[in-house]
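Structural description and commentary
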Amino acid sequence: MMKYVAFNLVLLVVFALQVSAQSLLINDRIPDDLLITLKQQGAWGGTYSEMTINASGDFSYQSRGGLPVVKMPDVLSINGKRVKPPKYLKPKLSEEKLKLLIAEFEKIQFFKFGKDFPVEDEKEINCVTDVGTEAISIRINGQTKEVSDYYSCSGKRNRLLRNLAERIRGAGVWNYENGEIPENFEVWYRIATAGGVLQDFKIKANGKITETSYLTGKSKTVGKVSKQQLRELMDEFEKGVFSTFKYSPLSRNSGCSNAPAPLPTGKTRHVNIQINRVAQMYASLYENCRPQPETDAAKFEYAADAIEKLLKSVGAMKTN
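Here the focus is the packing of aromatic side chains. Given two aromatic rings, their pairing is described by the distance between the two centres and the angle made by the two planes. Within the structure shown, the criterion is met by 9 aromatic pairs. Residues Phe105 and Phe110 carry aromatic rings whose centres are separated by 5.1 Å and whose planes lie at 85° to one another, so their mutual orientation is edge-to-face. For the residue pair Phe105 and Phe110, the accessibility class agrees, reading buried in each case. With a centroid separation of 5.9 Å and an interplanar angle of 35°, the aromatic rings of Phe110 and Phe113 are classed as tilted. Each residue in the set Phe105, Phe110, Phe111, Phe113 and Phe117 is aromatic and connected to the rest through ring pairs, giving one cluster. Across the ring face of Phe117, the terminal group of Lys112 is positioned such that the distance to the ring centre comes to 4.7 Å.

This is the structure in structure tokens:
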């Protein structure tokens, strides 16, 4: 009888642990009080910005201490020619994407973050001084948790928070209502060596793919992709957290497992992306890097491979 009671107690403990580790979603439903917030402040408290996402998947942005928001005219003049500015879209998260973002909080056990959690994996954590801070908070099911991160530190806690922050930011970069594609969306993909450019592709928002010859400088249409294929490519950029990159010529020290060489050799792949109000995301990396998981090198390789796969699938790029 005692063994039976003890066994039942063990089951109750296991059940309690399972309940405590359950999803933040109750009955797989997004709570009405959901509010995800990402705040940024400069090292001297000068520049401050805030982004929020609510239960409907709507975004809001606030900025204090930075440049004022200027309303663009309906028509611009560039080199004497009248040019209509691009139509910018409002970011919007679908219910499915919002659930995936909430799952990122669950994955790192965000509500357990504190003085002793997570356990650090390095004896010594290095930090660069005079760098800004970032605060992530989530309100869900009547409970709120906010955790701050000092950008420049190298600990496990900092890496987890930086990745979460980039996923929150990226949610606003890649997602728009009804899966719309911003009209200024452009992906530029180039393979080059020290001797020159080998291949140079552009993928436009209308799906047209052009290739530019390094010898003549002329471009020609070499393929076309559907809106669905573009949307899937944007999803790949979001999964790979490509929005991390602002202007990032990566080196073998960016997460390559092989020893760094003093000088670059071989081919280099370049990816440049323009979308909506984000003027430029750029990164490049040498082909013989063996990327370690969850590093900048791995993020770049994921995005570059996704672009190549799409180009090859429509015959724009030859399969080796």
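All right, on to the packing of helix H4 (residues 227-239) against helix H5 (residues 296-313) then. For the pair H4 and H5, interaxial distance at closest approach is 9 Å and the crossing angle is 165°. Taken together, the axes of H4 and H5 are roughly antiparallel relative to one another. The element H4 and its partner H5 pack so that their crossing is right-handed. Only Tyr302, Ala303, Ala306, Ile307, Leu310 and Ser313 of H5 make contact with H4, whose side of the interface consists of Gln229, Leu233, Glu236, Phe237 and Lys239. Grouping the amino acids of the contact of H4 with H5 by side-chain chemistry returns 7 nonpolar, 2 polar and 2 charged.

For the rest of this paragraph, the subject is H5. The first and last C-alpha atoms of H5 sit 26 Å apart over 18 residues, in line with the 26 Å expected at 1.5 Å per residue. Of the residues making up H5, those classed as buried are Ala297, Lys299, Phe300, Glu301, Ala303, Ala304, Ala306, Ile307, Glu308, Leu310 and Leu311. Residue Gly315 follows H5 closely and has a positive phi angle near 80°.

Take the nonpolar core next. Ranked by size, the top nonpolar core spans 38 residues in total, and within it Phe185, Ile203, Phe237 and Phe242 carry the most contacts. For this core, the secondary structure elements donating two or more residues are helix H3 (156-174), strand S8 (186-193), strand S9 (196-204), H4, strand S13 (268-275), strand S14 (278-286) and H5. The element best represented in this core is H5, accounting for 8 residues. Residues contacting Phe237, with those up to four places away along its chain left out, are Trp174, Phe185, Val187, Phe242, Ile273, Ala303 and Ile307.

It is worth spelling out the side chain of Asn175 at this point. Looking at the element boundaries, Asn175 is found in the loop between H3 and S8. Overall, Asn175 belongs to the buried group, its relative accessible area being 4%. A distance of 2.7 Å separates polar atoms of two side chains, one belonging to Asn175 and the other to Lys97. Ignoring anything within four residues of it in the chain, the contact list for Asn175 reads Pro91, Lys92, Leu93, Lys97, Gly170, Arg231 and Glu238.

Scanning the model with the defined rule gives 21 salt bridges in all. A salt bridge links Glu236 to Lys239, with the nearest nitrogen and oxygen atoms 3.3 Å apart. With Glu236 and Lys239 both in helix H4 and 3 residues apart, the pair spans about one turn of that helix. Of the charged contacts in the structure, one is a salt bridge between Asp305 and Arg269, with a shortest N-O distance of 2.9 Å. Taken together, the residues span a long stretch of sequence, with Asp305 in helix H5 and Arg269 in strand S13 at a distance of 36 residues. Residue classification places Asp305 among the partly exposed positions, given a relative accessible area of 42%. Three or more residues joined by partner-sharing salt bridges are found here, namely Arg269, Glu301, Asp305, Glu308 and Lys312.

Procedures and definitions
- Residues numbered from 1 in each chain as written.
- Predicted model: local features only at pLDDT ≥ 70, side-chain atom pairs only at ≥ 80, totals over all residues.
- Heavy atoms only, no water.
- Phe/Tyr/Trp six-rings, centres within 6.5 Å; stacked < 30°, edge-to-face > 60°.
- Buried < 20%, exposed > 50% of the residue type's maximum accessible area, 1.4 Å probe, protein only.
- Lys NZ or Arg CZ within 6 Å of the ring centre and 35° of its normal.
- Axes fitted to C-alpha atoms, helices over the stretch in contact; angles between N-to-C directions.
- Helix = DSSP H or I, 4+ residues; strand = E, 2+ residues; numbered from the N terminus.
- Parallel < 35°, antiparallel > 145°, perpendicular 65-115°, else oblique.
- Left-handed = near helix turned anticlockwise from the far one by under 90°.
- Contact = heavy atoms within 4.5 Å.
- Nonpolar A, V, L, I, M, F, W, Y, C, P; charged D, E, K, R; others polar.
- Expected span 1.5 Å × (residues − 1).
- Core = buried A, V, L, I, M, F, W, Y, C linked by side-chain atoms within 4.5 Å.
- Polar contact = N/O pair within 3.5 Å; in protein donor to acceptor, adjacent residues only side chain to side chain.
- Salt bridge = Lys/Arg side-chain N within 4 Å of Asp/Glu carboxyl O.

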